[in-house]
Amino acid sequence: MPLWKLHGDGRTVEPGAVVRPDERLAWPATIAIGVQHVVAMFGATFLVPILTGFPVSTTLLFSGVGTLLFLLLTRNRLPSYLGSSFAFIAPITALNGGGALESGEQIAQALLGVVAAGVLLAAVGFLVQAVGTGWIDKLMPPVVAGSIVALIGFNLAPAAWNNFKLQPELATVTLAAVVLFSVLFRGFLGRISIFLGVIVGYIVAVLTGQVDFSAVGEAAWIGLPDFHLAAVGDPTAWGLVPMFLPVVLVLIAENVGHVRGVATMTNDPTMNKHTGRALVADGLATTLAGGFGGSGTTTYGENIGVMAATRVYSTAAYWVAGAVAILLAFSPKVGVIFNTIPAGVLGGVTTALYGLIGVIGIKIWVDNRVDFSRPVNQYTVAVSFVIAIAGFMMSWGSFQLGAIVLGTVAALVIYHLGNAIARWRESGADDGGPIPAVGPIGGDPT
């Protein structure tokens, strides 16, 4: 029996219809859509290793391998591309004062944190598979979940400025291009505005002589990626692991949101029962990547955009995308080309990108109508944000707690302990739930 049934005539998708995960178009169309998924993930996936100092080719390799592993573990029923997670940027760069890592030792230490996050995410997945997702909603209600996602983005603001100020003119051009493309184009092109902005910035840099191509000519077309092993035997690396654990909360939110989103778009609520498998798969993919030199992975919104635009949810397209990413990983020249991207281009694009991570957290509040007239909600956000933006840190010898850890702990403690006290005292300061919808947005109740 074939893995995928042919949808209709294999060439077109009828109005109102979708190509389901267990269906496919003709192989030429499927391959084309798979390549389109690679283009969609590329802009974001390669930025993470560029910003963190991880090897680009290795990250691409484990992005492709992780995607295929995800498809296998979800029994080929849940379409998803696993690209590099931006949530890992902050704890990784914290090892080098907010900048990209500069040595193999630093990379090995960071990889241990990636592995630990992957193992914990997989463990959460097994738990969700057994008991469901209700406990996640209780641990991370909207105000807490939004705070944790947002503070990770805002914590990275100084890193964006460090690159921006090195080439402010180039950074401004890049940033302007990102914003322009996001409002100029609809559909797929609008969703890859970050990628298009990098291309514009890079072209301007080349035309103005700000790109050094000397290393590109020396790189081979075909070769093995640059592998690194996690520093399992390094006590200092173990002391850094706590900085990575809050990332798991972001990965949980992204994976749960992805499954629910695809279930809604395909009108197939039975997909939600695969949430646990999705978490396990992403956890194992992240663990595998961290074990050998790749960035941690997550489900990608950019690829959801491709599915929404094409109405093709076939997992066959994702097998193609994963295979293409793996092939690209075995070209050292590709990785070297990405490493020629100037600091100004990175500064411009990350000014938008890191802010957008923060906006995603704020959108969680808006979507769930969080009541910010309640003191518990106010202080949950206020304290965690200042900790993250200011870069608070505590250390005991080699054991460190960075701003993201402290901000996450603050959000969880203030919310849950504050609610318990407020309800005990009946002070009215607790989270009373979502604000009631009173009428159309922008108008008076009717």
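The coordinates are above.
Attention in this report is confined to the structure presented alongside it. Residue indices follow the written sequence of each chain, beginning from 1 at its first position. In view of the model being predicted, local features appear only for residues whose pLDDT reaches at least 70, and side-chain atom pairs are presented and counted only at 80 or more, with totals across whole chains, interfaces and linings using the full set of residues. To get the side-chain values, all heavy atoms of the structure are used, and hydrogens and water are removed first.

1. A short note on the nonpolar core
In this structure, F46, F86, I252 and Y354 are the most contacted members of the largest nonpolar core, which totals 118 residues. Those residues in contact with F46 that sit more than four places away from it in its chain are V56, F195, V198, F338 and I341. We define a nonpolar core as any set of buried Ala, Val, Leu, Ile, Met, Phe, Trp, Tyr and Cys residues linked to one another through side-chain atoms lying within 4.5 Å. When accessible area is computed with a 1.4 Å probe and restricted to protein chains, residues below 20% of their type maximum are described as buried, those above 50% as exposed, and intermediate ones as partly exposed. Throughout, a residue-residue contact means that at least one pair of heavy atoms, one from each residue, lies within 4.5 Å.

2. A word on unusual backbone geometry
Although it is not a glycine, R369 adopts a positive phi angle of roughly 50 degrees. Secondary structure is summarised from DSSP: a helix means a run of H or I of at least four residues, a strand means a run of E of at least two, and numbering begins at the N terminus for each. Residue placement: R369 occurs in the loop between α18 (343-367) and α19 (375-390). For R369, a relative accessible area of 37% translates into the label partly exposed. A positive phi angle is found at E426, which is not glycine, with a value near 55 degrees.

3. What about helix α2 (residues 56-73)?
By this rule the span expected of a helix is its residue count minus one, scaled by 1.5 Å. When the terminal C-alpha atoms of α2 are compared, their 25 Å separation across 18 residues agrees well with the 26 Å that a helix rising 1.5 Å per residue should span. Most of α2 is tucked away: 14 of the 18 residues are buried. Phi turns positive, to about 60 degrees, at R75, one or two residues after α2.

4. Comments concerning the packing of helix α6 (residues 142-155) against helix α20 (residues 403-425)
In the contact formed by α6 and α20, the axes pass within 10 Å of each other and the chain directions differ by 160 degrees. It follows that α6 is roughly antiparallel to α20 by the angle criterion. Crossing geometry of α6 relative to α20 is assigned as right-handed. In this structure, α6 contributes V143, V144, S147, I148, L151, I152 and N155 to the contact, and α20 contributes A403, I404, G407, T408, A411, L412 and Y415. Amino acids outside the nonpolar list (Ala, Val, Leu, Ile, Met, Phe, Trp, Tyr, Cys, Pro) and the charged list (Asp, Glu, Lys, Arg) are all regarded as polar, and Gly is one of them. For the contact of α6 with α20, the per-class residue count stands at ten nonpolar, four polar and no charged. Whenever a helix is involved, its axis is fitted only over the stretch in contact; in every case the axis is a line through C-alpha atoms, and angles between N-to-C directions fall within 0 to 180 degrees. If an angle is under 35 degrees, it is roughly parallel; if it is over 145, roughly antiparallel; if it lies from 65 to 115, roughly perpendicular; otherwise it is oblique. If you view the pair so one helix is near and one far, a crossing is left-handed when the near helix is turned anticlockwise from the far one by less than a right angle, and right-handed when it is turned clockwise.

5. Remarks on the side chain of H258
Structurally, H258 can be placed in helix α13 (residues 246-265). With sequence-adjacent residues up to four places away left out, H258 is seen in contact with P79, S80, T299, I304 and M307.

6. Re the packing of aromatic side chains
The way to describe two aromatic rings as a pair is by their centre distance and the angle between their planes. Two aromatic rings, drawn from Phe, Tyr or Trp (for Trp, its six-membered ring), form a pair once their centres lie within 6.5 Å of each other, and the interplanar angle then sorts them: stacked below 30 degrees, edge-to-face above 60, tilted otherwise. Taken as a whole and assessed by the stated rule, the structure comprises nine aromatic pairs. Relative to W27, the ring of W4 has its centre 5.9 Å away and its plane inclined at 85 degrees; by these criteria the two rings are edge-to-face. Note that W4 is positioned in the segment before β1 (5-6) and W27 in helix α1 (residues 27-52), a separation of 23 residues in sequence. Judged by its relative accessible area of 36%, W27 is partly exposed. With centroids separated by 6.3 Å and ring planes inclined at 15 degrees, the aromatic side chains of F62 and F292 adopt a geometry described as stacked. You can see F62 sitting in helix α2 and its partner F292 sitting in helix α14 (residues 275-292), a full 230 residues away along the chain. You can call F62 buried: its relative accessible area is 7%. Take F292: its relative accessible area is 38%, and that puts it in the partly exposed class.

7. Thoughts on the pattern of salt bridges
Salt bridges are defined as contacts in which a side-chain nitrogen from Lys or Arg sits within 4 Å of a carboxyl oxygen from Asp or Glu. Throughout the structure, instances matching the rule amount to seven salt bridges. For the salt bridge of D371 with R374, the shortest nitrogen-to-oxygen distance reads 3.6 Å. Judged by its relative accessible area of 15%, D371 is buried. We note a salt bridge from R423 to D430, for which the minimum N-O separation is 3.1 Å. On the basis of relative accessibility, which here comes to 45%, the residue R423 falls in the partly exposed class. If you follow the salt bridges from partner to partner, you end up with D371, R374, R423 and D430 in one network.

8. Observations regarding the environment of S63
Note on placement: S63 falls in helix α2. Along the backbone, S63 and L353 are 290 residues apart, and their C-alpha atoms lie at a distance of 20 Å. Setting aside its immediate chain neighbours within four residues, S63 contacts T45, Y81, L82 and G83.

9. Here's the deal with the packing of α6 against α19
With their axes 9 Å apart at the nearest point, α6 and α19 run at an angle of 20 degrees to one another. One way to sum up the angle between α6 and α19 is to call them roughly parallel. Helix-helix and strand crossings are classified by hand; for α6 and α19 the assignment is right-handed. The residues of α19 that touch α6, namely those facing V143, V144, S147, A150, L151, F154 and N155, are N377, T380, V381, S384, F385, A388 and I389. A breakdown of the residues in the contact of α6 with α19 according to their chemical character gives nine nonpolar, five polar and no charged.

Function-wise, these values are silent; they only describe arrangement.
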